[in-house]
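# Understanding the architecture of this molecule
Given next are the chains, with one letter for each unit.
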Amino acid sequence: NLSLEGRTYVVMGVANKRSIAWGIARSLHEAGARLIFTYASERFGKAVRELADTLEGENNSLFYECDVTNDEAIIQTFENIQNDVGVIHGLAHCIAFANRDELKDEFLNTSRDGFLTAHNISSYSLTAVARAAKPLMSEGGSIITMTYLGGEQVVQNYNVMGVAKASLDASMKYLANDLGKHNIRVNAISAGPIRTLSAKGVGDFNQILQEIEERAPLRRPVTQEEVGDTAYYLMSDLSRGVTGEVIHVDSGFNIIG
Ligand code: 0WD
């Protein structure tokens, strides 16, 4: 069944129209899903509401502030969602952060604080959110997170974020194992480089994009829409046998040695 009509999905991490989370939101919306948006602070709340207003057709989206560094906020957010909609069918975790000055030069110089911040926001948050969302997925569900090649192999400048993505990938697999018996699947999409707010923080991002154009099998970068459609597949019943998996949506770049 390709339609997501009658289903509700939480999308975390829309910062602006370039956000990968926004590409995911649009694909799920086009498939008929109801959307629930969460954002880190009111600074992003207005932008998220304005974007959601641009979605065509029936718009019954809901909005919640949720800073994923705060356990109380996470628990409260999902309690509020449960009170407002009851059941959810999936969740897209599209959140990451590292200090800009640690996304350049050598990984060797990573500070303890910078290491912990990157892992706190970019990796641990998936586990905290999955735990809080579990009671709402009483009909089964699909959780997806966003990862990057820099967690599998060394990508210049990605540094501490690469180490956090490796931790995120492993967390995804352990969560898939824990939640499978509740018919909740957990997967990651490994996206190729896309120009977003977060990508601005990565040193020499233009060079990374240029390498994709020169060496990736498809010879072009991927779009938010392409990531969104893979998220749609992972949220739909088409992927019902898939869990604990990393799907690369990267023009095939990861196979090139
Ligand atoms: O090339 C890229 N852009 C790639 C990104 C390639 C492969 C993976 N990714 C990943 C990122 O690492 C991240 O996990 O995709 C995910 C989404 O990133 P994005 O779309 O590139 O970046 P951006 O548009 O800046 O969104 C990041 C979100 C923001 O959204 P909200 O609405 O929450 O403000 O992460 C959010 C950030 O604010 N964020 C937080 N959200 C909640 N609590 C927090 C926090 N403490 N910190 C950052």
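These lines cover the structure that appears in this document, whether it is placed above or below.

### A short note on the overall build of the protein chain
Scanning the protein chain from terminus to terminus reveals seven helices and seven strands. The linear arrangement of helices and strands in the protein chain, starting from the amino end, is β-α-β-α-β-α-β-α-β-α-β-α-α-β. Against the 2.2 N^0.38 benchmark of 18 Å for 257 residues, the protein chain shows a C-alpha radius of gyration of 17 Å, consistent with a compact globule. Counting over 257 residues, the protein chain shows a buried share of 46%.

### Describing the environment of A73
Relative to the assigned elements, A73 resides in helix α3 (residues 71-85). Measuring from C-alpha to C-alpha, the distance between A73 and P221 comes to 36 Å, with 148 residues separating the pair along the chain. In this structure, A73 is in contact with C66 and D67, ignoring residues within four places of it in sequence.

### Things to note about the site of the ligand
Every one of the 26 residues lining the ligand counts as a neighbour, but S19, A96, M146, T196 and S198 are closest to it. The class makeup of the residues in the shell around the ligand is 20 nonpolar, five polar and one charged.

### So, the nonpolar core
Counting 70 residues, the largest nonpolar core has Y9 and V11 as the members making the most contacts within it. Tallying contributions element by element places helix α5 (residues 159-179) first for this core, with nine residues. Not counting chain neighbours up to four residues away, the residues in contact with Y9 comprise L28, A33, L35, I36, I88, H89, G90, L91, A92 and M235.

About the criteria used
Residues numbered from 1 in each chain as written. Predicted model: local features only at pLDDT ≥ 70, side-chain atom pairs only at ≥ 80, totals over all residues. Helix = DSSP H or I, 4+ residues; strand = E, 2+ residues; numbered from the N terminus. Rg over C-alpha atoms; globule rule 2.2 N^0.38 Å. Buried ≥ 20, exposed ≤ 12 C-beta atoms within 10 Å, placed from the backbone. Contact = placed C-beta atoms within 7 Å. Near = placed C-beta within 6 Å. Nonpolar A, V, L, I, M, F, W, Y, C, P; charged D, E, K, R; others polar. Core = buried A, V, L, I, M, F, W, Y, C linked by C-beta atoms within 7 Å.

Geometry only, nothing functional implied.
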